[in-house]
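Each chain, letter by letter, is given below.
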Amino acid sequence: MEPADELLQQESALELQAEPMRLNMGPSHPAMHGTVRMVLDLDGETIVNLDLQPGYLHRGFEKSCERGTWAQVFPYADRLNYVSPMLNNVGWSLAVEKLLGIEVPERCQYYRVILGELSRIADHFTCNGASAMELGAFTPFLWLLKVRDWIWDVLEKETGARMTHSFGRIGGMAAPPTADFKDDLRALIPEVHKVVKEAEIMLIRNRIFLDRMQGVGILSKEDALGYGCTGPVARASGLPYDVRKDYPYMVYDRFDFDVPIGEDGDNWDRFMVRLEEIRQSVRIIEQAIEQMPDDGPVNVDDPRIVLPEKHDVYTTIEATIAHFKLVMEGLQTPKGEVYSFTEGGNGELGFYIVSDGSGTPYRVRVRPPCWFNLAACREMLIGEMIADIIPTFGSINMIGGECDR
Amino acid sequence: MSQAVVDRLRAQFGERLLETSHAFGGHEIVVADKDWVEVAQFLKEDGELQMDHFIDLTAVDYPERPSARFDVLLLLRSSVNGGRIRVRTRVDEGQELGTVSGVWPGANWAEREVWDMFGIGFSGHPDLRRILLYEEFIGHPLRKDYPIDRAQPLVPYREVEEIDKLPPFGIEEGQPFARIDWEARLAGGDNQVSPAIGLQQGQRRALSDSEAALQIQKRLAAKAKAAATEATSTEATKEGQGD
Amino acid sequence: MPTFKLDGREISFEPGETVIQAAWRVGIEIPHYCWHPGLSVAANCRMCLVHITSGRQMAMPQLERDEETGEYVPSTKPKLQPACQLAAEENMEVSSTSDVVKEAQASVQEFLLLNHPVDCPICDQAGECKLQDYYYSHQATLKRKLTEPVHKPKGVRFGPTIVYDAERCIMCTRCIRVCDEVAHDHVLDMRERGNKAEIILAPGRELDHKYTLMTEHVCPVGALTSSDFRFKARVWFLKSAPSVCTGCATGCNSHADYDPRYGKVYRLRPRDNPDVNKFWMCDDGMMTYTRHETDRLLMPTAGRGDEREPVLDDEALWLAAEQLRKVEASKLAVVLSAQHTTEDNVALVKLAQALGAGHLYLAALGGWEGDDILRSDDNNPNRAGAIQAAGGTQLKTVAELLTEVQAGVVQGVLALGWATAERLEELAPLVALETVVSLTSHVGALPAVASVAIPVADIYEIEGCFVNDKGMAQAFKPVLPAPVGVEPGWKAIAALASQLGHDLGFQDLQALRQGLTTDVEAAQ
């Protein structure tokens, strides 16, 4: 013990005051993903209370949906979870298709599965990479994002955009798969495996990384349920809930894949669940490539739902009218209320839509998975140190676009 | 599975289950607002149902309805048996609904969001304040009568005493990028208004509009004057010539 | 009443009514092009074909393709009947949604689109076109005939108001029937047959009667378009609000279609009212909307001739009050307006009573020809309402006012509205008066001779009611917001009254309407 410390212990009058200190973290803080403000009450470095304040990125997604057509929601949906936009696109397509009572052709279902799983891989790579970077490991971050770029190369080739694809359509996709889609994927898969392996070597035996991740930010299974956590956060807490397994949609029931779950619900488990899910997504993609038909229609055959070919629109009145009706008035849905849910990048991505029978949604409620994960973040953080906010907040993968909408 | 949930609820609540329906693969029950918390409690704690997984709580606005303007919806799932259910109740404007945040902590934020977006209060909620919008926001934007392009007034700086929960940045803090004399501005009552608000509140209408009308008026009036003084002016001209 | 069944639903009908008419009355639309509730039956579009499933079945022979052998074998199919021509009978069972009917509807729709040009992007009807609506609801297949369509004349000028496009025309003959049956002028007819058919003008004639815009109104497609509305706006941007035509004392009910983004009315459409205008409006009435934004007075002005200057609202009220105070009450003339709402006139009468002004006059437009179809002989929408506001006494005219001014009986004028039959030159005696206060929505002869002109809101910006020549009070709501700072007439009058130190005792329209003989509430 240093002499100065001894002196401090003797002189009780020098004790630090016991009243908690209030500290603002965010909304613009380098380690705050998106813009979230935390008002912390600190006892020394320990967090005794915190108030999480989202909303800095609120753009009125749900209100905006109420004034366009059903198809005009796709660009908005892209910008919910903008790290895995294709999953949102597919989620919205499925919600409206459920309302219409149609099912897209099999080829399209496989196509959607593959593009969605690619998005999920990119999403998990981003989250894990950022977690590592925030703890000082910059190299794994760059390695993981390198693969994300390769995945985006494939997505760009398919959809024309690297991030906000707006590629989903009600009753199909904007375009059929390119001719070398499968070859591109076959070339990509070994690279993904390789980088996952490299990331593991770099990180999972790293003392600093382990100390910051293990036993930190624990969320119990009961809290995960009560707070409505889903996705990797819930699975890390030992809740084996994956929409793809429990309520299979599209062709997910035809694939053989596992749902990884954690035991402790700490940052480490969340990190490892995501890493393992990347492998499982690759497994799904591998099987889907084999099962996906090479030809056949992608869109449903109904000009009342799917836009006709551009050439027809310019030359025949029927296609012009169909195009006109779909664009100006929107496709006509039956009256009703639908809750459709899929497994998004962060968990159950639900769309609760109310249709009044017109071409415009009456109400669109998106159930953003990370909204509820963020609410549970308070449970994870109280009692932890201020420095633990960074890995914990990173591991729940709050995406402002989806959380605040 | 979900049909079993409805049957179990029917057995428990009988007539208090106002409606049940099944559409688009989802089961729904409707309960009265006074039964809301009790049904929620039962759904979670009943040994058979075990709806322990909170999924969502949201609302829909139907301003055209004569009474009970809002639908409030609770979406639940059981992690034990995988059953799902949607519970609906109807509340009127200004009416408070019991909170279910004591049953599922996740409802805390969801109810705050419903309060924020629709203005539906939840009695017994531990911390009912806006969540996505700021305290000074006027109105509840997901109501159908809130126009999507309404502009909100610029918020003046908060006083620390006013909101003890949200310590704001002080007047001189947090603005390194702009040297604005806030004290003077606030003291002078400089009511900052966005351009859009300016239009709504009614600036003086542009003069150019009325100038056209004015021209026409002047032209007509000149003609009137000419006509009225025709006789005298003719004489005047003659006199002028005479001079 | 006897009933028949349409798609399982009981529908009652008056004896002699057709199936489509009885269904239309209860709000069920059987798809149709050529049928119009206000016109005679033509039964030539074949869109309203229905299947009568009760009674003795009629069958039609047909050749049906056997998919297995690829040969055509003789068979029969039910004979469908046009619902517009089919008289409803007791206990008849009609189907408009069975498979065979649906097939017929799809076929008719496909047939009508066979030679239709790809015009939607440049067609004014797009967005309210029946071809589009029925394509979506009854056909929804892509084109099978891929040969060159038949070409016919486009952009034919039928008259000063109507342009005709023969390629878009589906030969429903509604326009011909409107000319015959509504305007009683057989100026349109059809020539040729089959896909060469087109609508033509009578030789040496133009489409120039008083109801030409009704041909455009009834046209279910974009074949007839109005020169006025053509290429001005796309209908899906327009919103519609119920209004009442200000063209004449008939008070035809109308829809005012306006663009909320620009606060501008683009056109009027007749609103069905069997008691007033049935389904129709005349051309002049249809064009009254153009008055709304031309020559508006948006700022108060004071002074005459070259000295006329814009003044502030308060200044104008103060000036007006000052000038009115100088006039002896018995020598003050108060001029009501047959173009303003009853409420505005009531408020002005109340002010006149408060001031003790003895002389009441009525300013009204003239120079108009009525007919025995819709057009009233009086082109003022609310002469009856203004007279009612004055307590039912006959009011003196502006011509009489001018004589009295010249005689020196009247020394000051408080006038409502811009509309007078007199031209500006004839109003010259008023220029000599020091006090001529005008409350007006537009610039015109009366405001031009005013010493103070105060702007008030136009008819599309206020709530109020008109009393038409049959004595029916018809209330209407505002369509557009008034320009900033411009108040409805009755509010401006109340403001002027309080400037003069009088409380007229009303705060809202309800209070103003009390004591009126016609029941305004019922009219709403």
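Here the residue index of a chain counts from 1 through its sequence in written order. Here every chain gets a letter starting at A, and every ligand a number starting at 1, in the order they are written. Predicted model: local features are reported for residues with pLDDT of at least 70 only, side-chain atom pairs are reported and counted for 80 or more only, and whole-chain, interface and lining totals are derived from all residues.

**Some details on the overall build of chain C**
For step 1, the next point in the chain: Every helix listed is a DSSP run of H or I at least four residues long, and every strand listed is a run of E at least two residues long, numbered separately from the N terminus. Of regular secondary structure, chain C possesses 15 helices and 25 strands.
For step 2, the next point in the chain: With respect to the principal axes defined by its C-alpha atoms, chain C has extents near 105 × 50 × 40 Å.
For step 3, the next point in the chain: Taking all 524 residues of chain C together, 49% fall into the buried category.
For step 4, the next point in the chain: Across chain C, contacts joining residues at least 24 apart in sequence account for 67% of those joining residues at least 6 apart. Field definition: a residue is buried when 20 or more other C-beta atoms are found within 10 Å of its C-beta, exposed when 12 or fewer are, and partly exposed for counts in between, with C-beta atoms placed from the backbone. Any two residues are considered in contact once their C-beta atoms, placed from the backbone, lie within 7 Å.

**A look at the overall build of chain B**
For step 1, the next point in the chain: Counting its regular elements, chain B contains seven helices and seven strands.
For step 2, the next point in the chain: Contacts in chain B between residues far apart in sequence, at least 24 positions, make up 52% of those at least 6 positions apart.

**Focus: the sheet that holds strand E2 (residues 37-43) of chain A**
Residue and element names in this part refer to chain A.
For step 1, the next point in the chain: The rule for pairing is simple: two strands pair if DSSP sees at least two bridges between them. Here we have three strands laid out as an open sheet, ordered E1-E2-E3, and antiparallel in their pairing. The open sheet has two edge strands with one neighbour each: strand E1 (21-25) and strand E3 (46-53). Taking the axes of each pair of neighbouring strands and ignoring which way they run, one obtains an average angle of 20° across the sheet.
For step 2, the next point in the chain: Note: E2 against E3, seven bridges, orientation antiparallel. Bridged to Arg 37 within E3 is Gln 53. Angles run from 0 to 180 degrees between N-to-C directions of axes, and those axes are lines fitted to C-alpha atoms, restricted for helices to the stretch in contact.

**Observations regarding the domain arrangement of chain C**
All names here are of chain C.
For step 1, the next point in the chain: Along its sequence, chain C is carved into domain 1 (3-112), domain 2 (156-291) and domain 3 (301-523).
For step 2, the next point in the chain: In this document the domain limits rely on a domain assignment from an automatic tool or a database. Spacing between the C-alpha centres of domain 2 and domain 3 amounts to 33 Å.
For step 3, the next point in the chain: Listed per partner, the contact involves 21 residues of domain 2 and 24 residues of domain 3.
For step 4, the next point in the chain: Going through the elements one at a time, strand E13 (239-244) and strand E14 (253-259) are the ones with two or more residues in the side of domain 2 that touches domain 3.
For step 5, the next point in the chain: With four residues, E13 is the single largest residue contributor to the side of domain 2 that touches domain 3.

**A closer look at the pairing of strand E3 (residues 49-52) of chain C**
Residue and element names in this part refer to chain C.
For step 1, the next point in the chain: Taking every second residue as pointing to the same face, both faces of E3 are buried, with Leu 49 and His 51 on one and Val 50 and Ile 52 on the other.
For step 2, the next point in the chain: For E3 and strand E6 (residues 81-82), the ladder comprises two bridges, and the chain directions are antiparallel. Paired with Leu 49 across the strands is Pro 82, a residue of E6.
For step 3, the next point in the chain: Of the strand pairs in this sheet, E3 and strand E7 (residues 93-95) are connected by two bridges, and their pairing is antiparallel. Among the inter-strand pairings, His 51 is bridged to a residue of E7, identified as Ser 95.

**Quick word on the packing of helix H7 (residues 181-203) of chain A against helix H12 (residues 267-291) of chain A**
All names here are of chain A.
For step 1, the next point in the chain: Direction vectors running N to C along H7 and H12 enclose 160°, while the axes themselves pass 11 Å from each other. In this view, H7 runs roughly antiparallel relative to H12, as classed from their interaxial angle. Relative to H12, the crossing made by H7 is left-handed. Contacts between H7 and H12 involve Lys 182, Leu 185, Arg 186, Ile 189, Val 192, His 193, Val 196 and Glu 200 from the former and Leu 275, Ile 278, Arg 279, Val 282, Ile 285, Glu 286 and Ile 289 from the latter. In these notes the angle categories are as follows: under 35 degrees is roughly parallel, over 145 is roughly antiparallel, 65 to 115 is roughly perpendicular, and the rest is oblique. By convention the crossing between two helices is left-handed if the near helix lies anticlockwise of the far one by an angle smaller than a right angle, and right-handed if it lies clockwise.

**With respect to helix H1 (residues 2-13) of chain B**
For step 1, the next point in the chain: In a helix, the anticipated span is given by 1.5 Å times the number of residues less one. Its twelve residues give H1 of chain B an end-to-end C-alpha distance of 16 Å, which sits within 8% of 16 Å, the value for a rise of 1.5 Å per residue.
For step 2, the next point in the chain: Looking one or two residues beyond H1 of chain B, the residue adopting positive phi is Gly 14 of chain B, at roughly 55°.

**Some remarks on the packing of helix H2 (residues 99-112) of chain C against helix H3 (residues 130-139) of chain C**
Residues and elements named next belong to chain C.
For step 1, the next point in the chain: For the pair H2 and H3, the least separation of the axes is 9 Å and the interaxial angle reads 140°. Regarding the angle of H2 to H3, the classification is oblique. Where H2 crosses over H3, the two elements pack in a sense that is left-handed. Only Leu 131, Tyr 134, Tyr 135, His 138 and Gln 139 of H3 make contact with H2, whose side of the interface consists of Gln 105, Ala 106, Gln 109, Glu 110 and Leu 112.
For step 2, the next point in the chain: Only Asp, Glu, Lys and Arg are considered charged in this grouping, and only Ala, Val, Leu, Ile, Met, Phe, Trp, Tyr, Cys and Pro are considered nonpolar; every other residue, Gly among them, is considered polar. Looking at the contact of H2 with H3, its residues break down into five nonpolar, four polar and one charged.

**As for helix H7 (residues 313-326) of chain C**
Residue and element names in this part refer to chain C.
For step 1, the next point in the chain: Look at H7: 20 Å from first C-alpha to last across 14 residues, which is about the 20 Å you get at 1.5 Å a residue.
For step 2, the next point in the chain: Along H7, the positions that sit buried rather than exposed are Ala 316, Leu 317, Ala 320 and Leu 324. On an axial view of H7, the arc spanned by its buried residues comes to 95°, and they lie on one face. Turned more than 90 degrees away from the buried face of H7 sit Asp 314 and Lys 326, all of them exposed. Summarising the geometry, the arc corresponds to the directions from the helix axis toward the C-beta atoms.

**Quick word on the sheet that holds strand E21 (residues 412-416) of chain C**
All names here are of chain C.
For step 1, the next point in the chain: Reading across from one edge, E17-E16-E23-E22-E21-E18-E19-E20 is the order of the eight strands in this open sheet, with mixed pairing throughout. Every interior strand has two partners, whereas the edge strands, strand E17 (309-310) and strand E20 (396-397), have only one.
For step 2, the next point in the chain: Pairing geometry for strand E16 (residues 301-302) and E17, over two bridges, is antiparallel. Paired with Thr 301 across the strands is Pro 310, a residue of E17.
For step 3, the next point in the chain: Against the sheet, helix H8 (residues 342-355) touches strand E18 (332-337), strand E19 (359-363) and E21, its axis set at about 170° to E18.

**Points about the interface of chain A and chain B**
For step 1, the next point in the chain: Opposite the 33 residues of chain A that make contact, chain B presents 27 residues.
For step 2, the next point in the chain: Elements that contribute at least two residues to the side of chain A that touches chain B include exactly helix H2 (61-65), helix H4 (85-100), helix H9 (221-226), strand E6 (336-343), strand E7 (348-355), strand E8 (361-367) and helix H15 (369-381) of chain A.
For step 3, the next point in the chain: A per-class count over the side of chain A that touches chain B returns 14 nonpolar, seven polar and twelve charged.

**Observations concerning the pairing of strand E1 (residues 3-6) of chain C**
All names here are of chain C.
For step 1, the next point in the chain: Because side chains alternate across E1, one face comprises the buried residues Phe 4 and Leu 6, and the other comprises Thr 3 and Lys 5, none of which is buried.
For step 2, the next point in the chain: In terms of strand pairing, E1 meets strand E2 (residues 9-12) through four bridges, oriented antiparallel. From the neighbouring strand, Leu 6 faces E2, where its bridge partner is Arg 9.
For step 3, the next point in the chain: Joining the antiparallel neighbours E1 and E2 is a turn of two residues, in which Asp 7 adopts a positive phi near 50°.

**A short note on unusual backbone geometry**
All names here are of chain C.
For step 1, the next point in the chain: Of note in this structure, Ala 43 is not a glycine but carries a positive phi near 55°.
For step 2, the next point in the chain: The residue Ala 43 is located in the loop between helix H1 (19-25) and E3 in this model.
For step 3, the next point in the chain: Its identity as a non-glycine residue notwithstanding, His 184 has a phi of 50°, on the positive side.
For step 4, the next point in the chain: Along the polypeptide, His 184 turns up in the loop between helix H4 (174-181) and strand E10 (188-191).

**Section: the environment of Gly 262 of chain A**
Residues and elements named next belong to chain A.
For step 1, the next point in the chain: Relative to the helices and strands, Gly 262 resides in the loop between helix H11 (243-246) and H12.
For step 2, the next point in the chain: Sequence separation of Gly 262 and Ala 137 is 125 residues, and the distance between their C-alpha atoms is 23 Å.
For step 3, the next point in the chain: If we skip the residues at most four places from it in the chain, Gly 262 touches Arg 235, Ala 236, Ser 237, Gly 238, Asp 269, Arg 270, Met 272 and Val 273.

**Considering the confidence of the model for chain B**
Residue and element names in this part refer to chain B.
For step 1, the next point in the chain: Looking at any residue, its pLDDT shows the predictor's confidence there, from 0 to 100. Looking at chain B, pLDDT values average 72 and 67% of them are 70 or higher.
For step 2, the next point in the chain: The low-confidence segment residues 162-182, where pLDDT is below 50, has 15 contacts with residues more than four positions distant or belonging to other chains.
For step 3, the next point in the chain: Note that residues 188-209 has pLDDT below 50 and, in this model, 20 contacts with residues that lie over four places away or in other chains.

**Quick look at the nonpolar core**
For step 1, the next point in the chain: Counting 321 residues, the largest nonpolar core has Val 50, Val 335, Leu 336, Tyr 361, Ala 363 and Ile 493 of chain C as the members making the most contacts within it.
For step 2, the next point in the chain: For this core, the element with the highest residue contribution is helix H5 (residues 106-134) of chain A, accounting for eleven residues. Linking buried Ala, Val, Leu, Ile, Met, Phe, Trp, Tyr and Cys residues through C-beta atoms within 7 Å yields a set, and such a set is a nonpolar core.

**Observations concerning the environment of Glu 216 of chain C**
Residues and elements named next belong to chain C.
For step 1, the next point in the chain: Positionally, Glu 216 belongs in helix H5 (residues 213-218).
For step 2, the next point in the chain: Along the sequence, Glu 216 and Val 163 sit 53 residues apart, while their C-alpha atoms lie 9.0 Å from each other.
For step 3, the next point in the chain: Those residues in contact with Glu 216 that lie beyond four places of it in its chain are Ile 162, Leu 224, Thr 225 and Ser 226.

**Some remarks on the confidence of the model for chain C**
All names here are of chain C.
For step 1, the next point in the chain: When pLDDT is averaged across chain C, the result is 88; 98% of the residues are at 70 or more.
For step 2, the next point in the chain: Of all secondary-structure elements in chain C, the lowest mean pLDDT belongs to helix H15 (residues 520-523), at 45, while strand E9 (residues 162-164) reaches the highest, 93.
For step 3, the next point in the chain: Below pLDDT 50 for its whole length, residues 520-524 participates in nine contacts with residues either more than four positions away or in separate chains.
For step 4, the next point in the chain: Interface scoring of the predicted complex returns ipTM 0.84; its pTM is 0.78.

**Some points on the environment of Pro 274 of chain C**
Residue and element names in this part refer to chain C.
For step 1, the next point in the chain: Tracing the backbone shows Pro 274 in the loop between strand E15 (264-270) and helix H6 (283-286).
For step 2, the next point in the chain: Taking the number of C-beta atoms within 10 Å as the measure of exposure, Pro 274 has 9 and is therefore exposed.
For step 3, the next point in the chain: A C-alpha to C-alpha distance of 9.9 Å links Pro 274 and Gly 38, two positions 236 residues apart in sequence.

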